[in-house]
Amino acid sequence: MFGDMMGMMGKLKETQAKVEATKKRMDSVSLEEKSADGLLSVTITANRVLKDITISDALLGDKEQLEDYLILTINKAIAQATSVNETELAAVAKEGMPNIPGMDAFFK
């Protein structure tokens, strides 16, 4: 019984270390999102840190249009980064979890 418990605790510590390493790796995963017409692009990490914004000169004359483009494109980039981040972390966490019936529902 204690052997199983010690083994499980060791596996949980190992999984925690893998999760932390995955979080750090997500800092180096860059994702690019562009507006539908390509006039604005945003680069963001999988940890949702904004790294770059490129704006076409065509957008510089209309402040409201530029603000709308920024909001839409940044929100799409954040959603994409969140999806990548959650998928990666869930895969690592699921890999390290003991096989407990019903736990699969938490990692979908």
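Residues numbered from 1 in each chain as written. Predicted model: local features only at pLDDT ≥ 70, side-chain atom pairs only at ≥ 80, totals over all residues. Heavy atoms only, no water.

Undergrad: Summarise the nonpolar core; cite the residues concerned and give the values.
TA: The biggest cluster of nonpolar side chains holds 9 residues, and these are Leu31, Leu40, Val42, Ile44, Leu59, Leu66, Tyr69, Ala77 and Ala81. Secondary-structure elements contributing two or more residues to this core are β2 (40-45) and α2 (63-96). A total of 4 residues in this core trace back to one element, the largest contributor, which is α2. With sequence-adjacent residues up to four places away left out, Ala81 is seen in contact with Leu31, Ile44, Thr45, Ala46 and Arg48. (Core = buried A, V, L, I, M, F, W, Y, C linked by side-chain atoms within 4.5 Å. Buried < 20%, exposed > 50% of the residue type's maximum accessible area, 1.4 Å probe, protein only. Helix = DSSP H or I, 4+ residues; strand = E, 2+ residues; numbered from the N terminus. Contact = heavy atoms within 4.5 Å.)

Undergrad: Could you give an account of the pairing of β2, naming the residues involved and the relevant values?
TA: Across the 6 residues that make up β2, a large majority, 6, are buried. Here β2 shows no split at all, with Leu40, Val42 and Ile44 on one side and Ser41, Thr43 and Thr45 on the other all buried. Pairing of strand β1 (residues 30-34) with β2 involves 5 bridges; the strand directions are antiparallel. Note on β2: the bridge partner recorded for Leu31 is Ile44. Counting the residues in the hairpin turn of β1 and β2 gives 5 residues, including Gly38, whose phi is positive at 75°. The pairing of β2 with strand β3 (residues 50-55) spans 5 bridges and is antiparallel. (Pairing = 2+ DSSP bridges.)

Undergrad: Provide a residue-level description of the pattern of salt bridges, including the pertinent values.
TA: For the structure on display, the rule yields 5 salt bridges. Notably, a salt bridge pairs Glu14 with Lys18, separated by 3.5 Å at the nearest N-O pair. In this pair, Glu14 and Lys18 both sit in helix α1 (residues 2-26), 4 residues apart, roughly one turn of the helix. (Salt bridge = Lys/Arg side-chain N within 4 Å of Asp/Glu carboxyl O.)

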